[in-house]
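# Structural features, examined
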Amino acid sequence: MGEKYNAHCSICGKPYKICKSCSNVKSFIPWRTVADTIEHYMIYMAIHGYTLSKDKIKAKQELNKCDLSGLKNFNPEIQKIIDEIMSSDNKDIEKTNDLVTIQ
C-alpha cells in the first residue's frame, strides 16, 4: 500500500506526507506543516518575516543563508516575492551590517 500525501509545500507546491502528531500540535507550528524540507521552511520564514515587517534588507540577509537553487521550481508567487527581496541594493545590506557591528 502506498502512503497518501496529505500536505503541499508552501514554497514549491510538492506534495508530501505529514504525520498526524505534527498536524495536531496546537501550541506551535511544526515546520513539517508548512514545508517539505527544512531548507524550504527557512525560505518560508524569511518570506513570512518580510510580509510582516516589509524589511527587505533583513529578508535578503535571511534568504542569502538559504539554498535558492530550485527557485525555478518554486510556486510563482514565492518566486515573485523572492525576486522582489533579492532585487534590493547590496549597499543597503552592507550599511546594515556595519551598523549592527558598531552597536
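Now for a quick tour of the structure.

The rules behind each value
- Residues numbered from 1 in each chain as written.
- Predicted model: local features only at pLDDT ≥ 70, side-chain atom pairs only at ≥ 80, totals over all residues.
- Heavy atoms only, no water.
- Helix = DSSP H or I, 4+ residues; strand = E, 2+ residues; numbered from the N terminus.
- Buried < 20%, exposed > 50% of the residue type's maximum accessible area, 1.4 Å probe, protein only.
- Areas by Shrake-Rupley, 256 points an atom, 1.4 Å probe, with all protein chains shown as cover.
- Core = buried A, V, L, I, M, F, W, Y, C linked by side-chain atoms within 4.5 Å.
- Contact = heavy atoms within 4.5 Å.
- Arc of directions from axis to C-beta.
- Polar contact = N/O pair within 3.5 Å; in protein donor to acceptor, adjacent residues only side chain to side chain.
- Axes fitted to C-alpha atoms, helices over the stretch in contact; angles between N-to-C directions.
- Parallel < 35°, antiparallel > 145°, perpendicular 65-115°, else oblique.
- Nonpolar A, V, L, I, M, F, W, Y, C, P; charged D, E, K, R; others polar.

## Considering the overall build of the chain
A count of helices and strands for the chain gives 5 helices and 2 strands. Listing each helix as α and each strand as β along the chain from the N terminus yields β-β-α-α-α-α-α. Put simply, the chain has 103 residues, and 28% of those count as buried. Put simply, the chain shows about 7,300 Å² of open surface, and 55% of that area lies on carbon and sulfur atoms.

## What to know about the nonpolar core
Formed by 22 residues in total, the largest nonpolar core has its most connected members in Ile 11, Ile 43, Leu 63, Leu 68, Phe 74 and Ile 82. Only helix H2 (38–53), helix H3 (56–64) and helix H4 (76–86) provide two or more residues apiece to this core. A total of 5 residues in this core trace back to one element, the largest contributor, which is H2. Residues contacting Leu 63, with those up to four places away along its chain left out, are Ile 43, Ala 46, Leu 68, Ile 82, Ile 85 and Met 86.

## Focus: H3
Along H3, the residues classified as buried are Ala 59, Lys 60 and Leu 63. Along H3, the residues classed as buried sweep out an arc of 100° about the axis, all on the same side. A distance of 3.2 Å separates the backbone nitrogen of Ile 57 from a side-chain oxygen at the start of H3, and that oxygen is part of Asp 55.

## Focus on unusual backbone geometry
Despite not being glycine, Lys 54 has its phi angle at roughly 60°, a positive value. Its location among the elements puts Lys 54 in the loop between H2 and H3.

## Some thoughts on the packing of H2 against H3
Contact geometry of H2 with H3 gives a least axis separation of 9 Å together with a crossing angle of 180°. Classified by the angle their axes make, H2 and H3 are roughly antiparallel. Residues Ile 43, Ala 46 and Tyr 50 of H2 form the contact with H3, whose own contacting residues are Lys 56, Ala 59, Glu 62 and Leu 63. Split by residue class, the contact of H2 with H3 holds 5 nonpolar, no polar and 2 charged.

What is shown is where atoms sit, not what they do.
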